[in-house]
Amino acid sequence: METKILSTDEKDINEAGKIIRNGGLVAFPTETVYGLGASALDAFAAKKIYAAKGRPSDNPLIVHICDKNQIEKIAAEIPPSAKTVIDKFMPGPITVILKKKPCIPDDVTAGLDTAAIRFPSHETAQRLIRAAGVPIAAPSANLSGKPSPTKAKHVINDMTGRIDAVIDGGSCAVGVESTIIDFTGEKPVILRPGGVTYEDLKNAGIEAEIDKNILRSIAADEAPKCPGMKYKHYAPNAEVTVVEGEITAVRRKIKELLKGVNGKIAGVMTMDGADYDNAVILSVGSGNKEYAQNLFAALREFDELGAEVVFAEFCDDGGYGLAVKNRLYKAAAQRVIHVGGNE
């Protein structure tokens, strides 16, 4: 399959919309990460997404819309708390899980009776959905298990020959996938942290629980209610270890760990550009919002630089920190070292 590289001009967006309508696959930018889109009303097209990514078929897809009124056509019911979130945070980096209507095929929702619905704020994403004339089902546009793509070149590296087209819309502003909140139970539950934080939701009057699986992987016999809960995710080729705690102790521990890498090419993902000897160093910024923006690109760059082991600094889980922590823990397959200030 030839994969076309498209721009964001009107002609190319219209071409991409036609590909979607005809059952094809198009990767496109959003404010979070690049998505791999197909018609959310076409079961066969949804199956193509799973095949292109090598994605397990029990991992549900997110339905992307370009108008809040479309939610009523997809969702069987919208609880008051969900309406508050929709009104306050959409369009934006948030996904709501609601009971679905039959128009969304089971192949999109992995057999669940719920649909994950998102209204992206990215102009190109909205234009594509309008051009397609249908809601677009889309996970991240990477090979399953690899770091999510935040630039078109990441998609091209993973997906050339597997999909019909990639729209190059530059870098993604948020850098991690949307917050997912489930409204189908007695109380709203955050299933995945992202660009809308727990604190943001609380300030909007939403008292949500944080799912216990956010910092671990669910069991093999459990069905994931949203993407990213069950399988290895975000992992580069290198073995990643997160070193978490007070920053001085974190850096002391990483320097100790670097002495034991036995000739392997080592990388360090650092906040504030700390210096380490005998390591490839990539800075992810000065706070967790910048960490989120740069995390996936850094993991991919370590692969390009040939790193075999990577140590990631982490020292705060407030605000965007929970989203960063969630992705780091999964990228590291739960290899986490906790250090204290006296170590």
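Some details on the overall build of the protein
Then step 1. A count of helices and strands for the protein gives eleven helices and 16 strands.
Then step 2. Over its C-alpha trace the protein gives a radius of gyration of 20 Å, about what one expects of a compact globule, namely 20 Å for 343 residues.
Then step 3. For the protein, the C-alpha atoms occupy an extent of roughly 55 × 45 × 35 Å along the three principal directions.
Then step 4. Considering only residue pairs separated by 6 or more positions, the protein has 68% of its internal contacts joining residues 24 or more positions apart.
Then step 5. When the accessible area of the protein is evaluated, it comes to approximately 13700 Å², of which 47% is carbon and sulfur surface.
Then step 6. Charged side chains in the protein number 42 positive and 45 negative. The centres of these two groups are separated by 3 Å.

Looking at the pattern of salt bridges
Then step 1. A complete count under the given rule lists ten salt bridges for this structure.
Then step 2. In this structure, Glu256 engages Lys253 in a salt bridge whose closest nitrogen and oxygen atoms are separated by 3.2 Å. With Glu256 and Lys253 both in helix α9 (residues 247-258), this residue pair falls three residues apart, about one helical turn.

Quick look at the sheet that holds strand β16 (residues 336-339)
Then step 1. An order of β14-β13-β15-β12-β16 is seen for the five strands of this open sheet, with the pairing classed as parallel. Edge strands, defined here as strands with exactly one partner in the open sheet, are β14 (280-283) and β16. Put simply, the sheet's adjacent strands are angled 20° from each other on average, direction ignored.
Then step 2. Docked against the sheet, helix α10 (residues 288-304) engages β12 (239-245), β13 (266-270), β14 and β15 (309-314), running at close to 165° with respect to β13.
Then step 3. In the packing of helix α11 (residues 321-331) onto the sheet, contacts are made with β12, β13, β15 and β16, and the angle to β15 comes to roughly 160°.

A closer look at the packing of helix α1 (residues 10-21) against helix α6 (residues 123-132)
Then step 1. It is at 8 Å that the axes of α1 and α6 come closest, and there the two elements cross at 55°. Relative to α6, the element α1 is oriented oblique. Considering how the two elements wind past one another, α1 and α6 form a crossing that is right-handed. On the side of α1, the interface is formed by Glu10, Ile13, Asn14, Ala16, Gly17, Ile20 and Arg21, while α6 contributes Thr124, Arg127, Leu128, Ala131 and Ala132.
Then step 2. Per-class residue counts for the contact of α1 with α6 are six nonpolar, three polar and three charged.

What about the sheet that holds strand β4 (residues 62-64)?
Then step 1. Taken together, the eleven strands give an open sheet; going across it, the order is β1-β8-β2-β3-β7-β4-β6-β5-β9-β10-β11, and neighbouring strands pair in mixed fashion. Across the chains shown, the open sheet's two edge strands, defined by having one partner strand only, are β1 (4-6) and β11 (209-210).
Then step 2. Where β1 and strand β8 (residues 165-167) come together, three bridges link them in parallel fashion. In the strand pairing of β8, Ile5 is matched with Val166.

Side note on the packing of α10 against α11
Then step 1. Interaxial distance between α10 and α11 falls to 8 Å at its minimum, and their mutual angle equals 25°. Classed by the angle they form, the pair α10 and α11 counts as roughly parallel. In this structure, the crossing between α10 and α11 has a hand that is left-handed. Facing Asn288, Tyr291, Ala292, Leu295, Phe296 and Leu299 of α10, the residues of α11 in contact are Gly321, Val324, Arg327, Leu328 and Ala331.
Then step 2. For the contact of α10 with α11, the per-class residue count stands at eight nonpolar, two polar and one charged.

Focus on the side chain of Thr95
Then step 1. Looking at the element boundaries, Thr95 is found in strand β5 (residues 94-99).
Then step 2. Overall, Thr95 belongs to the buried group, its relative accessible area being 0%.
Then step 3. Polar contacts involving the side chain of Thr95 include one to the side chain of Ser178, which spans 2.8 Å.

The rules behind these values
Residues numbered from 1 in each chain as written. Predicted model: local features only at pLDDT ≥ 70, side-chain atom pairs only at ≥ 80, totals over all residues. Heavy atoms only, no water. Helix = DSSP H or I, 4+ residues; strand = E, 2+ residues; numbered from the N terminus. Rg over C-alpha atoms; globule rule 2.2 N^0.38 Å. Contact = heavy atoms within 4.5 Å. Areas by Shrake-Rupley, 256 points an atom, 1.4 Å probe, with all protein chains shown as cover. Lys, Arg positive; Asp, Glu negative; His and termini not counted. Charge placed at Lys NZ, Arg CZ, Asp CG, Glu CD. Salt bridge = Lys/Arg side-chain N within 4 Å of Asp/Glu carboxyl O. Pairing = 2+ DSSP bridges. Axes fitted to C-alpha atoms, helices over the stretch in contact; angles between N-to-C directions. Parallel < 35°, antiparallel > 145°, perpendicular 65-115°, else oblique. Left-handed = near helix turned anticlockwise from the far one by under 90°. Nonpolar A, V, L, I, M, F, W, Y, C, P; charged D, E, K, R; others polar. Buried < 20%, exposed > 50% of the residue type's maximum accessible area, 1.4 Å probe, protein only. Polar contact = N/O pair within 3.5 Å; in protein donor to acceptor, adjacent residues only side chain to side chain.

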